[in-house]
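Architecture at a glance
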Amino acid sequence: VSIRMGYTAIAPFCRADRNRHIPRMLRLHTWRRRKRMILAMAFLGYITPAQATALIATLMIPNPWRHGDQVWQHTSLYHRAMAFQINTPSIFATDFILPNLDEIIRLAQHLRLPHVLVHQHGHRAERFEALLVYLLRLRKVCSMRDLARHSVLCFPGSNWSTTKVQNILRITAQTLHAIHGRRISWSNCCISRVATVYGPAMQNTAGPILQIMHPNLAALIDGTYRPIPRARPGPNGENLQRATFNGWLHGHYYTYQSLVTPDGLCASLMGPYVGTCNDRHKVNLSNIEAVWTALWPTYQILGDSGYKPFVPGVGNPIVRRPDGWPFPAGSPNSLLSDEIAHLRTPVEYPFGELLTEFPYLDMKRHAKLNTVMVLHFRNAVLLRNCLLCLKFGSREISAFFGDCPAPTLTQYLA
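Residues numbered from 1 in each chain as written. Predicted model: local features only at pLDDT ≥ 70, side-chain atom pairs only at ≥ 80, totals over all residues. Heavy atoms only, no water.

Concerning the pattern of salt bridges
Overall, the coordinates contain eight salt bridges when judged by the stated rule. Where Asp222 meets Arg344, a salt bridge forms, and the shortest distance between an N and an O atom there is 3.7 Å. A residue pair is termed long-range when its members are at least 10 positions apart, and Asp222 in strand β3 (residues 217–227) and Arg344 in the loop between α18 (332–343) and α19 (349–357) qualify at 122 residues. For the pair shown, Asp222 and Arg344 are each scored as buried. The partner of Arg344 in a salt bridge is Asp304, and the shortest N-O contact between them spans 3.7 Å. Of this pair, Arg344 sits in the loop between α18 and α19 while Asp304 is found in the loop between β7 (300–302) and β8 (318–319), placing the two residues 40 residues apart along the sequence. Overall, the relative accessible area of 10% leaves Arg344 in the buried class. Of the residues examined, Asp304 reaches a relative accessible area of 22% and is grouped as partly exposed. Where salt bridges share partners, they join Asp222, Asp304 and Arg344 into one cluster. (Salt bridge = Lys/Arg side-chain N within 4 Å of Asp/Glu carboxyl O. Helix = DSSP H or I, 4+ residues; strand = E, 2+ residues; numbered from the N terminus. Buried < 20%, exposed > 50% of the residue type's maximum accessible area, 1.4 Å probe, protein only.)

Let's talk about the packing of aromatic side chains
Tallied over the entire structure, the rule returns six aromatic pairs. Centroid distance Tyr256 to Phe377: 4.4 Å. Interplanar angle 10°. Geometry classified as stacked. Residue Tyr256 is found in strand β5 (residues 251–260), and its partner Phe377 is found in helix α20 (residues 373–390); the two are separated by 121 residues along the sequence. The class for Phe377 is buried, based on a relative accessible area of 3%. Each ring, one from Phe351 and one from Phe377, has its centre 6.4 Å from the other, and the planes form 25°; the classification is stacked. One end of the pair, Phe351, is in helix α19; the other, Phe377, is in helix α20, with 26 residues separating them in the sequence. (Phe/Tyr/Trp six-rings, centres within 6.5 Å; stacked < 30°, edge-to-face > 60°.)

Some details on the confidence of the model for the protein
Scored by pLDDT, the protein comes out at a mean of 78, with 76% of its residues at no less than 70. Low pLDDT (under 50) marks residues 1–29, which in the prediction has 49 contacts with non-local residues, meaning those over four places away or in another chain. Of the regions scoring below 50 in pLDDT, residues 61–99 engages in 87 contacts with residues more than four places distant in sequence or in other chains. (pLDDT = per-residue confidence, 0-100. Contact = heavy atoms within 4.5 Å.)

Let's talk about the environment of Leu210
Note on placement: Leu210 falls in helix α14 (residues 208–213). In this structure the C-alpha to C-alpha distance between Leu210 and Leu343, which are 133 residues apart in sequence, comes to 9.5 Å. Sequence-distant contacts of Leu210, defined by excluding residues within four places in its chain, comprise Pro215, Leu217, Leu336, Glu339, Ile340 and Leu343.

A look at the state of the cysteines
The tally for this structure, following the rule as stated, stands at zero disulfides. With no disulfide of its own, Cys190 lies 5.3 Å from the sulfur of Cys189, the closest cysteine sulfur. The buried category is assigned to Cys190, whose relative accessible area is 0%. (Disulfide = S-S within 2.5 Å.)

What follows is the structure, given as structure tokens:
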């Protein structure tokens, strides 16, 4: 009888997008009616019996919609874990983001976020809640209204309005970049592993000619272009459209420069720069050659043909393909060029993984100049590095370099 009564109550809500109506189910007035609806959803196959049992356990909270956030702050961690594990499998479809409450809490602690993030307009969120909503924003391409609904799914009982989600996202992005912005630009943990881990890994993977001519390679350098809408004139009348227009790609872009290590981490992310900057200009602006030479004068970085030095000679830390390409088939320069191209294959993987796992970063209309989207891109690189440290390295890049191990999360964020 309970299941049949629940079916009568839930029938108007049975549509293709069934997860969208779970918050409406939790807003029902009585505990018994909510329980009947949960049983009806299990009977109709919308949720599994285990999820139904966990949802009924969350109903032990006394009407969270009446008391607001105060009730949710005093509930047990068991209820939060049940609500989190029920609603995240449909949101995080891949195994890159770890759908585990303990992992999110551990990551929030290691990132040294404040226990409670408070926006200037008064919106508050605990650090693991703010981090989860931030991951949801990067993971899902949806409107703020839909993101607020997903936030309610993960935290039933909290009043996550559209304004609150937007403010929490902004304060989380600013806090992450304020704490770890220097680590995003230059990771001391990764640079300290050059001689012990990265150098031997690249030496074992390089071809025979490259091992003889450049035995001390330790990292890969490359850049990426991200499309942006057409820019408006600057506050002082600057022609930003001309500055961001890239004639090679025939569009408006800003660009980043990354330093990729054999374990798959992004040891350095410089930028953004305007779309007219080429690879050589980005190296000059970032001053990475001088910094690298001061730290590791005997080790080198592998680049492509775009990193041609202004003053060729001994001491240039960036190795590139010899001039004069194309070379005669079978010549030493031809074989060396092929080995360099093969060794540089994984340098494109990090940006591809970043845009695949965080599709929101690929939204051109949101990627405007001087907006929080720049912070989202840089923070996404930080979160990707942290999640790879939890998984001990990137699967593709680490396997390419002979299962090169990544540092632990404690070592990376030390």
